[in-house]
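# Structural characterization, general
The primary structure of each chain is shown beneath.
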Amino acid sequence: MQRRKRMGKSALILAGIMMLGTAMSPVFAQSGKKGKSASSASKVIGPKSGQSGDQVIRTAVPERPSGQKHVLGLRAPKLDTVRVGFIGLGMRGPGAVERFTHIPGVKIVALCDKHGERVEKSQKILDKAGLPAAASYSGSEEAWKELCQRKDIDLVYIATDWKHHAGMMIYAMEQGKHVVCEVPAAMTLEEIWKVVDTAERTQKHCMMLENCVYDFFELTTLNMARQGLFGEILHVEGGYLHNLEDFWDYYEGDWRMQYNKTHRGDVYPTHGFGPACQLLDIHRGDRLDVLVSMDTKPANLPEYLINKRGMSREEAYDFRNGEHTMTMVRTAKGKTILIRHDVSSPRPYSREYEVTGTKGFAQKYPQEGYAFRSDSPVEAGVMPDHENLSGHGFVSEEAKKALMETYKHPIHKELEEQAKQVGGHGGMDFIMDYRLVYCLRNGLPLDMDVYDLAEWCCLVPLSEISLDNGSAPVAVPDFTRGHWNDVQGYRHAFTE
Ligand SMILES: NC(=O)c1ccc[n+]([C@@H]2O[C@H](COP(=O)([O-])OP(=O)(O)OC[C@H]3O[C@@H](n4cnc5c(N)ncnc54)[C@H](O)[C@@H]3O)[C@@H](O)[C@H]2O)c1
């Protein structure tokens with residue numbers, strides 16, 4: 001019975017579609033009834049019969065409206081001062097306000113949250129920093145729209161719950177603003193395509209605030225990868241493995257628990273997926289091709305609802321998301337990515353971050369380390385010894401430190417010290433915000449574009465489709481609509 005409840009709407013519609021395919025697997029045949037529709041599944045167009053990849057579920061790619069241009073490498077006019085308005089001042093938002101008080105060339109113009117007292121709390125941050133009060137918006141679901149309409153704002157910074165993200169981003173761009181949004185910035189294929197289309201139509205910057213790509217190990221490793229230390233990178237692993245037990249009761253209106261209760265799949269993939277996609281030059285010479293997801297049954301979250309909130313067993317176990325979700329993605333150029341999500345197992349925090357190349361290997365959790373082939377410059381001259389089972393182990397701590405110093409990313413060279421002082425997950429949040437402002441002030445392309453947003457977020461709906469269809473392979477749309485190979489290699493922009 002619980003299995004039936006976990007069957008999503010996308011499974012029901014797909015079952016009907018799959019009937020059309022010639023190579024229908026038994027799983028598809030048994031997976032549901034015909035004729036239901038669901039918002040995300042309504043775009044599913046089924047397998048292409050008679051071609052290789054018969055079993056792959058494909059979702060519709062809306063045509064780019066005529067006259068609308070892609071935003072790869074988008075540059076906007078330089079802003080002398082970046083005038084910003086913040087929406088969403090719960091657990092995450094005020095930290096961003098505080099970080100912005102340390103960034104030169106910024107004016108904090110407006111603050112918004114549904115709750116007036118949260119706005120007031122953030123006003124105190126400005127006061128403490130010796131800055132003038134910002135305009136306050138609160139008291140209704142829609143007050144944020146007035147913030148977006150202001151003529152004296154260049155950038156809208158969103159840190160609300162997941163369900164508000166896409167609508168707010170779209171509205172902000174339509175009001176002529178650049179927009180950045182917390183992770184994941186969009187949760188359904190409809191939302192993702194609308195965000196992409198709005199960014200292209202308005203030619204405004206639209207960036208997801210994926211902070212983990214700026215963390216010290218990740219950015220150093222990306223720099224090492226750029227310089228070829230790992231050879232060709234073939235496989236990357238990442239994830240979000242974080243027991244959120246202490247946090248559940250603090251999300252406004254219980255949005256995060258409710259999302260997990262009603263959605264299956266990797267609902268929070270971007271911390272692991274973002275760094276992986278940058279390493280593999282996704283839409284900069286390679287593209288995501290197909291994914292497959294698998295999950296365990298739900299366990300600790302329903303038990304939490306029973307034990308901590310007194311929910312009935314039946315109601316608590318009417319829970320869509322599995323405790324542990326794994327998604328494997330293959331790229332067009334034959335690379336693979338494994339992404340995991342688990343927010344309720346009693347285990348140490350990990351974003352995994354494992355990089356396997358033809359010449360080297362990097363791992364961040366549980367222990368940061370690098371390993372290389374013995375003919376690489378790092379271990380040159382070391383004779384192989386078959387008795388030595390740690391012969392292929394990590395380079396020594398000293399060698400690792402030396403490597404990390406040698407390959408420190410230029411961004412870290414400039415910002416590491418200040419970032420560690422200002423903080424925000426050890427400094428990476430400050431680096432993210434600083435880079436955003438730097439690029440806007442210098443008229444440079446941002447470090448992450450709207451196609452990164454789309455690719456990193458699409459794991460949310462596509463993993464759900466795969467899971468609801470017996471872990472069927474699902475094609476990942478090309479969100480650039482034909483331009484994934486125009487740019488070769490991921491890089492950050494700098495002034496000359
Ligand atoms: N990048 C990271 O490391 C990181 C860390 C934590 C959270 N996050 C993300 O940040 C976002 C916010 O998470 P949180 O933990 O702060 O959640 P939260 O529930 O504490 O805060 C959300 C805030 O949005 C406000 N809000 C909701 N609807 C609104 C509306 N219509 N108008 C104005 N304000 C509205 C709420 O009142 C609340 O204060 C989420 O997307 C989350 O995934 C990212």
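Residue positions within a chain follow its written sequence, with the count starting from 1. For this predicted model, a pLDDT threshold of at least 70 governs which residues receive local features, and a threshold of 80 or more governs which side-chain atom pairs are given and counted, while totals over whole chains, interfaces and linings are taken from all residues.

### A look at the environment of Gly272
The cut-off we apply is this: Only runs of H or I of at least four residues qualify as helices and only runs of E of at least two qualify as strands under DSSP, and these elements are numbered from the N terminus. Note that contacts rest on C-beta atoms placed from the backbone: two residues are in contact if these are within 7 Å.
For Gly272, the position within the fold is in helix α11 (residues 270-279). Remark: the alpha-carbon pair of Gly272 and Val236, spanning 36 residues in sequence, is separated by 9.3 Å. Beyond its immediate chain neighbours, meaning those up to four positions away, Gly272 contacts Gly238, Gly239, Tyr240, Ile339, Arg351 and Glu352.

### Observations regarding the pairing of strand β8 (residues 288-295)
Operational definition: Note on pairing: DSSP must find at least two bridges between two strands before they are called paired.
Two strands pair when backbone bridges link them, and β8 and strand β9 (residues 325-331) are joined in this way by seven bridges, in the antiparallel orientation. Among the inter-strand pairings, Val290 is bridged to a residue of β9, identified as Arg330. The pairing of β8 with strand β14 (residues 474-475) spans two bridges and is classified as antiparallel. If you follow Val290 over to β14, its bridge partner there is Ala475.

### Description of the sheet that holds strand β7 (residues 233-241)
Strand order across the open sheet formed by eight strands is β13-β12-β11-β7-β10-β9-β8-β14, with mixed pairing between neighbours. What marks the edges here is a single partner per strand, and that holds for β13 (369-372) and β14.

### With respect to the packing of helix α7 (residues 162-174) against helix α8 (residues 189-202)
The test is simple: Angles shown run from 0 to 180 degrees and are taken between the N-to-C directions of axes, each axis being a line fitted to C-alpha atoms and, for helices, limited to the stretch in contact. Any angle between 65 and 115 degrees counts as roughly perpendicular, while under 35 counts as roughly parallel, over 145 as roughly antiparallel, and the rest as oblique. Note on convention: near helix rotated counterclockwise from far helix by under a right angle means a left-handed crossing. Clockwise means right-handed. By the convention adopted, Pro, Cys, Tyr, Trp, Phe, Met, Ile, Leu, Val and Ala count as nonpolar, Lys, Arg, Asp and Glu as charged, and the other residues, Gly among them, as polar.
Their axes nearest at 10 Å, the elements α7 and α8 cross at an angle of 10°. As far as their axial angle goes, α8 and α7 are roughly parallel. Every pair of crossing elements has a handedness; the one defined by α7 and α8 is left-handed. On the side of α7, the interface is formed by Ala166, Met169, Ile170, Met173 and Glu174, while α8 contributes Glu191, Lys194, Val195, Thr198, Ala199 and Thr202. The residue inventory of the contact of α7 with α8, partitioned by class, reads six nonpolar, two polar and three charged.

### Observations concerning the sheet that holds strand β3 (residues 135-137)
Within the open sheet, the six strands sit side by side as β3-β2-β1-β4-β5-β6. Their pairing is parallel. Bordering the open sheet on either side are β3 and β6 (206-208), each of which pairs with just one other strand. Direction aside, neighbouring strands of the sheet carry axes that sit 20° apart on average. The sheet contact formed by strand β5 (residues 178-181) and β6 spans three bridges and is parallel. Bridge pairing links Val179 to Cys206 in β6.

### Considerations on the nonpolar core
Note the cut-off: Under the definition applied here, buried Ala, Val, Leu, Ile, Met, Phe, Trp, Tyr and Cys residues are grouped into a nonpolar core through C-beta atoms within 7 Å. Once C-beta atoms are placed from the backbone, each residue is buried if 20 or more other C-beta atoms lie within 10 Å of its own, exposed if 12 or fewer, and partly exposed for counts between those two.
In this structure, Val84, Ile158, Met169, Val195, Leu453 and Cys457 are the most contacted members of the largest nonpolar core, which totals 114 residues. Aside from chain neighbours lying at most four places away, what touches Ile158 is Ile87, Gly88, His165, Met168, Met169, Val179, Val180, Cys181 and Glu182.

### A closer look at helix α12 (residues 300-309)
This is how it is decided: What the arc covers is the set of directions going from the helix axis to the C-beta atoms.
When α12 is considered as a whole, its buried residues turn out to be Leu301, Pro302 and Leu305. When α12 is viewed along its axis, its buried side chains cluster within an angular range of 110° and face the same direction. Across α12 from its buried face, at more than 90 degrees, point the exposed residues Asn307 and Lys308. In this structure, the buried residues of α12 make contact with α10 (255-262) and α13 (313-316). One or two positions beyond α12, positive phi appears at Gly310, with a value near 65°.

### Let's talk about the pairing of β13
Alternating residues of β13 divide into Tyr370 and Phe372, all buried, and Gly369 and Ala371, none buried. Examined bridge by bridge, strand β12 (residues 360-363) and β13 share four bridges and lie antiparallel to one another. When the bridges of β13 are listed, Ala362 appears paired with Tyr370. Where β12 folds back on β13, the antiparallel hairpin that results is connected by five residues.

### Quick look at the confidence of the model for the chain
As a reminder of what qualifies: On a range of 0 to 100, pLDDT expresses the predictor's confidence in each residue.
With 86% of its residues at a pLDDT of at least 70, the chain reaches an overall mean of 89. Ranking the elements of the chain by mean pLDDT puts helix α3 (residues 26-30) last with 28 and strand β4 (residues 155-158) first with 99. Below a pLDDT of 50 lies the segment residues 46-52, which in the model reaches 18 contacts outside its immediate sequence neighbourhood of four places, other chains included.

### Some remarks on the packing of helix α4 (residues 93-100) against helix α16 (residues 428-441)
When two helices pack together, their arrangement is given by the angle between the helix axes and the distance between those axes. It is the contact of α4 with α16, at a shortest axis distance of 10 Å, that shows an interaxial angle of 60°. The orientation of α4 relative to α16 falls into the category oblique. In this structure, the crossing between α4 and α16 has a hand that is right-handed. Residues Gly95, Ala96, Arg99 and Phe100 of α4 pack against Asp429, Phe430 and Asp433 of α16. Across the contact of α4 with α16, the residue classes break down as three nonpolar, one polar and three charged.

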